[in-house]
Amino acid sequence: MKKLTALLLALIMTLALAACGGDSGKKDSNPPADPPKTDAPAEPETKDQTPAEPAEPAGPEPITLRIGYMPNYASLWGVLSAIEQGCFAEEGITIELTEFPDGPSEIAAMEGGSIDLAYIGKGAHRLCILGSAVIFAPSSVHTVDKVVCMPDSGIQSVADLKGKTIAFNSGSSSESTFNNALGVGGLTREDVTAMDLGIDNIVAAAVSGSIDAAVCWNPYSGQILQQVEGSYEIEFADGSTNISSWICLPKYAEENHDVLVRFTRALFKGMDWGSQVENYETVAGYCAGQTKASLESQLMQVGDAHWFNLSDLTSGVTDGTIKGYYEGMQNDMVKGENIKPEEAKEDVGDFVLFDVMEEALK
């Protein structure tokens, strides 16, 4: 009995031990849990991706400028060259051209708000000295003036103007040239019969035979030479400088400095191209198209002045040559009694914007 009891106890203990360790070698029938999530960034996709094209730099702000001109080569050569050669397009500028008979009419139009900028000849510079407008760019210069004489006038020199009937246009380059001619001839207004006419009427007076001579500019002088058989020109020089310029109102300049620089930069590029002798005929064609005149009449004018190029302008602004032209012009105005001595400016920089020229030339 004792042995039987001992055997039963041993069996019970063996079964208990097997129950305690029997699961230790079994494989887990459940799938492994997902790995814990982390904050690491996801791997980038491997698909080909075309990089974005860089944005095109913004061009200059588009603007439209209303420009006053006179119907001749001197007024149009630079601005039309700049238009046709794409110089204004580079600056985002659209040009609208309006024709006027003379500089004073253009300044009146600017004051009335119908145009922004304009070209003027020497005579209208008087109004710049007096404060009505400011100059921001030169265009051309010449030192020889002309008087158109009728066939039977007997005029061979400016001294022969004595006792003659002379047509001129007051307030313009015509008047300043007339005064210079009298001065060179040793004459005064009392020595001649001065006939102050609108510029368009000067040609009619010549054709009608009611005058002995006329002081005017192209295309009007050219029209007289074409329409009055036997008419001719005499030249004279008095040491004066006849300069033409681009102008605007003082208030416009104050409010639109950057616009003036953009316009002038484009204009100067056009002038540089148009001033080359090999391009004269092409430029004359531009002017003929704008003025509805013949190519021949425009080609007659290509020798009227020295047309500034970039080299002239760069050196002239730097060394004071351009300033000297305006000083000489003002002195001529005083000597010709177009302005009073007290009206002259001590510094021509009061009415000439050299800073615009300098910035444009950079």
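This is a predicted model, so every value here is computed, not measured.

## A look at the overall build of the chain
- Helices and strands together make up the secondary structure of the chain, namely 15 helices and eleven strands.
- Taken across its 362 residues, the chain has 45% of its residues classed as buried.
- Counting contacts in the chain only where the partners sit at least 6 residues apart, residues at least 24 apart contribute 78% of the total.
- As displayed, the chain offers around 19000 Å² of accessible surface, 52% of which is attributable to carbon and sulfur atoms.

## A word on the sheet that holds strand β3 (residues 117–120)
- Read from one edge to the other, the open sheet built from six strands follows the order β2-β1-β3-β10-β4-β11, with strand pairing classed as mixed. Single-partner strands in this sheet number two, and they are β2 (93–99) and β11 (306–307).
- Of the pairings in the sheet, the one linking strand β1 (residues 63–69) to β3 comprises two bridges and is parallel in character. Across the sheet, the residue bridging to Gly 68 is Ala 118, located in β3.

## Brief notes about the packing of helix α13 (residues 310–319) against helix α15 (residues 354–361)
- With their axes 10 Å apart at the nearest point, α13 and α15 run at an angle of 130° to one another. Relative to α15, the element α13 is oriented oblique. The hand of the α13/α15 crossing is left-handed. Together, Leu 310, Leu 313, Thr 314 and Val 317 of α13 and Met 357, Glu 358 and Leu 361 of α15 make up the contact between the two elements.
- Residues belonging to the contact of α13 with α15 are distributed by class as follows: five nonpolar, one polar and one charged.

## Focus: the confidence of the model for the chain
- Counting all residues, the mean pLDDT for the chain is 87, and 84% of those residues have values of 70 or more.
- Below pLDDT 50 for its whole length, residues 1–47 participates in zero contacts with residues either more than four positions away or in separate chains.

## Quick notes on the pattern of salt bridges
- All chains considered together, the criterion is met by eight salt bridges.
- With its nearest N and O atoms 3.0 Å apart, the salt bridge here joins Lys 122 to Asp 332. Placement of Lys 122 in the loop between β3 and α5 (125–129) and of Asp 332 in helix α14 (residues 321–335) is noted, with a sequence separation of 210 residues between them. Residues Lys 122 and Asp 332 agree in their burial class; the two are buried.
- Between Glu 233 and Lys 146 there is a salt bridge, with its nearest N and O atoms 3.8 Å apart. Of this pair, Glu 233 sits in strand β9 (residues 232–236) while Lys 146 sits in strand β5 (residues 145–149), placing them 87 residues apart in sequence.
- Residue class for Lys 146 comes out partly exposed when judged on its relative accessible area of 29%.
- Each of Glu 91, Arg 262 and Arg 265 takes part in a single network of salt bridges with overlapping partners.

## Focus: the nonpolar core
- Residues Leu 65, Phe 136, Ile 224 and Phe 263 are the most contacted members of the largest nonpolar core, which totals 89 residues.
- Residue contributions to this core peak at eight residues, all from helix α10 (residues 257–274).
- When neighbours within four sequence positions are excluded, Leu 65 is seen to be in contact with Ile 93, Thr 94, Ile 95, Glu 96, Asp 116, Leu 117, Tyr 252, Val 259 and Phe 263.
- Formed by 16 residues, the second largest nonpolar core is a distinct cluster that contains Val 158, Phe 178, Ala 213 and Val 215.

## Some points on the pairing of strand β4 (residues 134–142)
- For β4, the buried fraction is high: eight of the nine residues fall into the buried class.
- Summarising the sheet, β4 and strand β10 (residues 242–248) pair through seven bridges and their orientation is antiparallel. Residue pairing in the sheet places Ala 137 in a bridge with Trp 246 of β10.
- Two elements, β4 and β11, share two bridges in a ladder whose sense is antiparallel. Among the inter-strand pairings, Val 141 is bridged to a residue of β11, identified as His 306.

## Topic: the sheet that holds strand β8 (residues 213–214)
- With mixed pairing, the five strands of this open sheet are ordered in space as β7-β6-β8-β5-β9. At either margin of the open sheet sits one strand with a lone partner, and together these are β7 (193–196) and β9.
- By the bridge criterion, four bridges tie strand β6 (residues 165–168) to β7 in an arrangement that is parallel. Within β7, the residue paired with Ile 166 across the bridge is Ala 194.

## Details of the side chain of Thr 264
- Looking at the element boundaries, Thr 264 is found in helix α10.
- In terms of polar contacts, Thr 264 uses its side chain to reach the backbone carbonyl oxygen of Leu 260, at 2.7 Å.
- Discounting chain neighbours no more than four positions away, the residues touching Thr 264 are Phe 136, Ala 137, Val 356 and Ala 360.

Procedures and definitions
Residues numbered from 1 in each chain as written. Predicted model: local features only at pLDDT ≥ 70, side-chain atom pairs only at ≥ 80, totals over all residues. Heavy atoms only, no water. Helix = DSSP H or I, 4+ residues; strand = E, 2+ residues; numbered from the N terminus. Buried < 20%, exposed > 50% of the residue type's maximum accessible area, 1.4 Å probe, protein only. Contact = heavy atoms within 4.5 Å. Areas by Shrake-Rupley, 256 points an atom, 1.4 Å probe, with all protein chains shown as cover. Pairing = 2+ DSSP bridges. Axes fitted to C-alpha atoms, helices over the stretch in contact; angles between N-to-C directions. Parallel < 35°, antiparallel > 145°, perpendicular 65-115°, else oblique. Left-handed = near helix turned anticlockwise from the far one by under 90°. Nonpolar A, V, L, I, M, F, W, Y, C, P; charged D, E, K, R; others polar. pLDDT = per-residue confidence, 0-100. Salt bridge = Lys/Arg side-chain N within 4 Å of Asp/Glu carboxyl O. Core = buried A, V, L, I, M, F, W, Y, C linked by side-chain atoms within 4.5 Å. Polar contact = N/O pair within 3.5 Å; in protein donor to acceptor, adjacent residues only side chain to side chain.

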